[in-house]
Amino acid sequence: IAGITQAPTSQILAAGRRMTLRCTQDMRHNAMYWYRQDLGLGLRLIHYSNTAGTTGKGEVPDGYSVSRANTDDFPLTLASAVPSQTSVYFCASTPDSLNTEAFFGQGTRLTVV
Amino acid sequence: DQQVKQNSPSLSVQEGRISILNCDYTNSMFDYFLWYKKYPAEGPTFLISISSIKDKNEDGRFTVFLNKSAKHLSLHIVPSQPGDSAVYFCAAKSGGSNYKLTFGKGTLLTVNP
């Protein structure tokens, strides 16, 4: 593993199903983030974590939850997927919450049908 | 209301010429600005940044200019190369302890050989 790894790369999901997007980093970065990218809307922050054990809501948190049990992992869960959650999801990390030069994963393309 | 605006969805330039990508913002609290580059099927990668106390930052072929009075920044790429073809996102951060980047919608740059 080098940097940030997201899994799966892509997924087709039936509406109403539960889904967890995985994100793992090996850089020992304290802060981690989840963004979604939608055509014509840029990247929008869903949830963030400044350090292990803490999480916070971003710009579009509804329908999503996160946990940060340790430094390396930051999973994003959709409890009951809806078609509007069809998007490309990016996990990112920074050494600390003040550093803005984030490292991004390769993304997870999720389609909810 | 969109706080970071990239009004040109796309830009096409010839190899060797200058590429100028523009970004406007509305939030006076933004104090740090970044440009990210994104290739298809990859995560965004950090390109260059500028603090609000500066009006110019240069890194090789890339220069970012900031005009605080106009709430405008631009990214200049000279000379442009075909490998520069990508989507470029402008992002901004306001002061404080929580990292939160606000992204523009992106501009697709195509550099023609």
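Residues numbered from 1 in each chain as written. Chains lettered and ligands numbered in written order. Predicted model: local features only at pLDDT ≥ 70, side-chain atom pairs only at ≥ 80, totals over all residues. Heavy atoms only, no water.

## Some points on the overall build of chain A
Along its length, chain A carries zero helices and eleven strands. Overall, chain A shows an N-to-C arrangement of helices and strands of β-β-β-β-β-β-β-β-β-β-β. Against the 2.2 N^0.38 benchmark of 13 Å for 113 residues, chain A shows a C-alpha radius of gyration of 13 Å, consistent with a compact globule. Across the 113 residues of chain A, 50% fall into the buried class. Long-range contacts, defined as pairs at least 24 residues apart, comprise 54% of the intrachain contacts of chain A with a sequence gap of at least 6. When the accessible surface of chain A is split by element, carbon and sulfur atoms take 52% of a total near 5100 Å². Here chain A contributes 9 positive and 8 negative side-chain charges, whose respective centroids are spaced 10 Å apart. (Helix = DSSP H or I, 4+ residues; strand = E, 2+ residues; numbered from the N terminus. Rg over C-alpha atoms; globule rule 2.2 N^0.38 Å. Buried < 20%, exposed > 50% of the residue type's maximum accessible area, 1.4 Å probe, protein only. Contact = heavy atoms within 4.5 Å. Areas by Shrake-Rupley, 256 points an atom, 1.4 Å probe, with all protein chains shown as cover. Lys, Arg positive; Asp, Glu negative; His and termini not counted. Charge placed at Lys NZ, Arg CZ, Asp CG, Glu CD.)

## Considerations on the nonpolar core
Ranked by size, the top nonpolar core spans 23 residues in total, and within it B:Phe33, B:Trp35, B:Leu73, B:Leu75 and B:Tyr88 carry the most contacts. Among the secondary structure elements, those contributing two or more residues to this core are β3 (19-25), β4 (30-38), β5 (45-51), β7 (62-67), β8 (72-77), β9 (86-94) and β11 (107-112) of chain B. For this core, the element with the most residues is β9(B), which contributes four residues. With sequence-adjacent residues up to four places away left out, B:Leu73 is seen in contact with B:Leu21, B:Asn22, B:Cys23, B:Tyr25, B:Phe33, B:Trp35, B:Val64, B:Phe65, B:Leu66 and B:Cys90. Core analysis: the next-biggest nonpolar cluster, separate from the first, contains 19 residues, A:Ile46, A:Val66, A:Phe74 and A:Ala81 among them. (Core = buried A, V, L, I, M, F, W, Y, C linked by side-chain atoms within 4.5 Å.)

## Thoughts on the state of the cysteines
One pass over the full model with this rule turns up two disulfides over all chains. One disulfide bridge connects A:Cys23 with A:Cys91, the sulfur atoms lying 1.9 Å from each other. For the disulfide bridge between A:Cys23 and A:Cys91, the dihedral angle about the S-S bond is near -75 degrees, and by the sign convention the bridge is left-handed. Here A:Cys23, found in strand β3 (residues 19-25), pairs with A:Cys91, found in strand β9 (residues 87-94); they are 68 residues apart in sequence, far enough to count as distant. Residues A:Cys23 and A:Cys91 agree in their burial class; the two are buried. Note on cysteine connectivity: B:Cys23 is disulfide-linked to B:Cys90, with sulfurs 2.1 Å apart. Between B:Cys23 and B:Cys90, the S-S dihedral sits near -75 degrees, and the bridge is therefore left-handed. You can see B:Cys23 sitting in strand β3 and its partner B:Cys90 sitting in strand β9, a full 67 residues away along the chain. Of the two residues, B:Cys23 and B:Cys90, neither departs from the other in class, the shared state being buried. (Disulfide = S-S within 2.5 Å.)

## Some remarks on the pairing of strand β5 (residues 42-49) of chain A
Residue and element names in this part refer to chain A. Among the eight residues that make up β5, eight are buried, leaving the element largely enclosed by the rest of the structure. In the sheet, strand β4 (residues 31-38) pairs with β5 via seven bridges, with the strands oriented antiparallel. What sits directly across from tryptophan 34, in β5, is histidine 47. What sits between β4 and β5 in their antiparallel hairpin is a turn of three residues, with glycine 40 showing a positive phi close to 80 degrees. Both β5 and strand β6 (residues 56-57) contribute to a ladder of two bridges, which runs antiparallel. Paired with tyrosine 48 across the strands is glycine 56, a residue of β6. Turn length for the β5-β6 hairpin, with the two strands adjacent in sequence and antiparallel, is six residues, and the turn residue glycine 53 shows positive phi of about 95 degrees. (Pairing = 2+ DSSP bridges.)

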